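Inside the fold
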Amino acid sequence: MQGLEQYLIDIIYHFKYIGLFILLTCGLVGVPVPDEFLMTFSGFQTSLGRMDFGTTLMVATLGSFLGMNLSYWIGRRLGIPFLHKVAPYLHLNEKKIVRAEHWFQCYGDRLIVIGYFFPGFRHFTAYFSGMSKLHFGRYTVLAGIGAFLWALTFITLGRILGVHWQRITHILHHYLARSGIVLAIIVFLIYLYSVKTKQGKSFV
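Quick caveat: nothing in here was measured; it's all calculated off a predicted structure.

1. Focus on the packing of aromatic side chains
Under the definition given, this model contains five aromatic pairs. Ring geometry for Tyr-72 and Trp-73: centres 5.2 Å apart, planes at 85 degrees, overall edge-to-face. For Tyr-72, a relative accessible area of 0% puts it in the buried group. Ring geometry for Tyr-72 versus Phe-136: centroids 5.2 Å apart, planes at 45 degrees, classification tilted. Of this pair, Tyr-72 sits in helix H4 (residues 53-90) while Phe-136 sits in helix H8 (residues 136-161), and the two are 64 residues apart along the sequence. Since its relative accessible area comes to 29%, Phe-136 is described here as partly exposed. Feature note: the residues Tyr-72, Trp-73, Phe-136 and Tyr-139 constitute an aromatic cluster, connected by ring pairs.

2. Some thoughts on the environment of Phe-53
Relative to the helices and strands, Phe-53 resides in helix H4. In this structure, the C-alpha to C-alpha distance between Phe-53 and Ile-155, residues 102 residues apart in sequence, is 8.0 Å.

3. Observations concerning the packing of helix H3 (residues 35-47) against H8
Two elements in contact, H3 and H8, have axes separated by 6 Å at closest approach and are oriented at 50 degrees. In terms of orientation, H3 and H8 fall into the oblique class. The handedness of the crossing between H3 and H8 is right-handed. Residues Asp-35, Glu-36, Met-39, Thr-40, Gly-43, Phe-44, Thr-46 and Ser-47 of H3 pack against Trp-150, Ala-151, Phe-154, Ile-155, Leu-157, Gly-158 and Arg-159 of H8. Residues that form the contact of H3 with H8 fall into these classes: seven nonpolar, five polar and three charged.

4. A short note on the side chain of Thr-46
Inspection of the secondary structure assignment puts Thr-46 in helix H3. Since its relative accessible area comes to 6%, Thr-46 is described here as buried. With sequence-adjacent residues up to four places away left out, Thr-46 is seen in contact with Met-51, Asp-52, Phe-53, Thr-56 and Arg-159.

The rules behind the values
- Residues numbered from 1 in each chain as written.
- Predicted model: local features only at pLDDT ≥ 70, side-chain atom pairs only at ≥ 80, totals over all residues.
- Heavy atoms only, no water.
- Phe/Tyr/Trp six-rings, centres within 6.5 Å; stacked < 30°, edge-to-face > 60°.
- Buried < 20%, exposed > 50% of the residue type's maximum accessible area, 1.4 Å probe, protein only.
- Helix = DSSP H or I, 4+ residues; strand = E, 2+ residues; numbered from the N terminus.
- Axes fitted to C-alpha atoms, helices over the stretch in contact; angles between N-to-C directions.
- Parallel < 35°, antiparallel > 145°, perpendicular 65-115°, else oblique.
- Left-handed = near helix turned anticlockwise from the far one by under 90°.
- Contact = heavy atoms within 4.5 Å.
- Nonpolar A, V, L, I, M, F, W, Y, C, P; charged D, E, K, R; others polar.

In structure tokens, the structure reads:
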């Protein structure tokens, strides 16, 4: 077990719900915290009777939900002007940014729930939801549903796996991280396709 993982486990072991809540909130804002690892460990703790399953699920859901909302508002406050500042380094221009905003408002919100399950991708959906000014009410509902399903999945997994939770979680995280990269590429390709389609129509 790596030093960071052991340190974070010790936090949850000693502080339980408060530790889990704070760590997940920070993790969803973007702090490099192994979120799935922590929830699976917490689920394992419920199988030993050290933590209550219902309370753990509620705390994990609220911590994740708060982190996603903080990320949304950070993205909204920084906004597209911030994206304009870094645009030259990302090879973006005004037209591409406007199209990206429009595309995300039309299709991106569908990825908020599923995005939770892919490390790194969930942060993209949260920040860009804020940057593109996706309706906060709709975002809140989707972020809440995603937080609950994500927490339920990994806490239940930890409870079922028992002493094998750590090995299986590392395997899952490895494949989910790869899948997240693939998903990000697919989303980007869909975006490029939609832009080219619109360009084609504009010449007709």
